[in-house]
Amino acid sequence: AIFIIDHKTKLFLSGTSNKLGMKFAANSLIQWISIQDAINEKLENYDLGGLGNKNIDKFKNSFKGSQINNKRFIYESSILKIVMPIAKRLYKLNLLKL
């Protein structure tokens, strides 16, 4: 797991798991320990990084926190604006594999 911490917030930026970790709910344990650390550090917010994926959202919602909407701005270069629609189309046609 990767976390970013500032003066009042701990943000879960990214994480991963394997089959064994999923079997023993390792991600949940990592989150609970990290939440406890944030409480001990007297941080005001613990940010799980937003919603948007049904399976991951179920995990995040299981912590029973309150949802706060933040705006995030993502810079997209001109070349990416051209390439992404083409790549998405090729992926839908099964001509591109991830």
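To keep things clear, this report deals only with the structure shown in the data block. (Residues numbered from 1 in each chain as written. Predicted model: local features only at pLDDT ≥ 70, side-chain atom pairs only at ≥ 80, totals over all residues. Heavy atoms only, no water.)

## Some words on the overall build of the chain
Across its full length, the chain carries four helices and three strands. When the helices and strands of the chain are read in sequence order from the N terminus, they spell out β-β-α-α-β-α-α. In terms of C-alpha radius of gyration, the chain reaches 17 Å, well past the compact-globule figure of 13 Å for 98 residues. Dimensions of the chain, computed from the C-alpha atoms along their principal axes, are close to 50 × 35 × 20 Å. Taken across its 98 residues, the chain has 15% of its residues classed as buried. Side-chain charges of the chain comprise 16 positive and 7 negative groups, with the mean position of each set lying 14 Å from the other. (Helix = DSSP H or I, 4+ residues; strand = E, 2+ residues; numbered from the N terminus. Rg over C-alpha atoms; globule rule 2.2 N^0.38 Å. Buried < 20%, exposed > 50% of the residue type's maximum accessible area, 1.4 Å probe, protein only. Lys, Arg positive; Asp, Glu negative; His and termini not counted. Charge placed at Lys NZ, Arg CZ, Asp CG, Glu CD.)

## A few points about the sheet that holds strand β1 (residues 2–5)
With mixed pairing, three strands are arranged side by side in an open sheet as β1-β2-β3. Two strands in the sheet have a free side with no partner beyond their single neighbour: β1 and β3 (45–47). Across this sheet, the average inter-strand angle for adjacent strands is 20°, counted without regard to direction. By the bridge criterion, three bridges tie strand β2 (residues 9–14) to β3 in an arrangement that is parallel. By the bridge assignment, Lys10 is partnered in β3 with Tyr46. (Pairing = 2+ DSSP bridges. Axes fitted to C-alpha atoms, helices over the stretch in contact; angles between N-to-C directions.)

## Overview of the pairing of β2
Two faces, one strand: in a regular strand the side chains alternate between the faces of the sheet. Note: β1 against β2, four bridges, orientation antiparallel. Paired with Ile4 across the strands is Leu11, a residue of β2.

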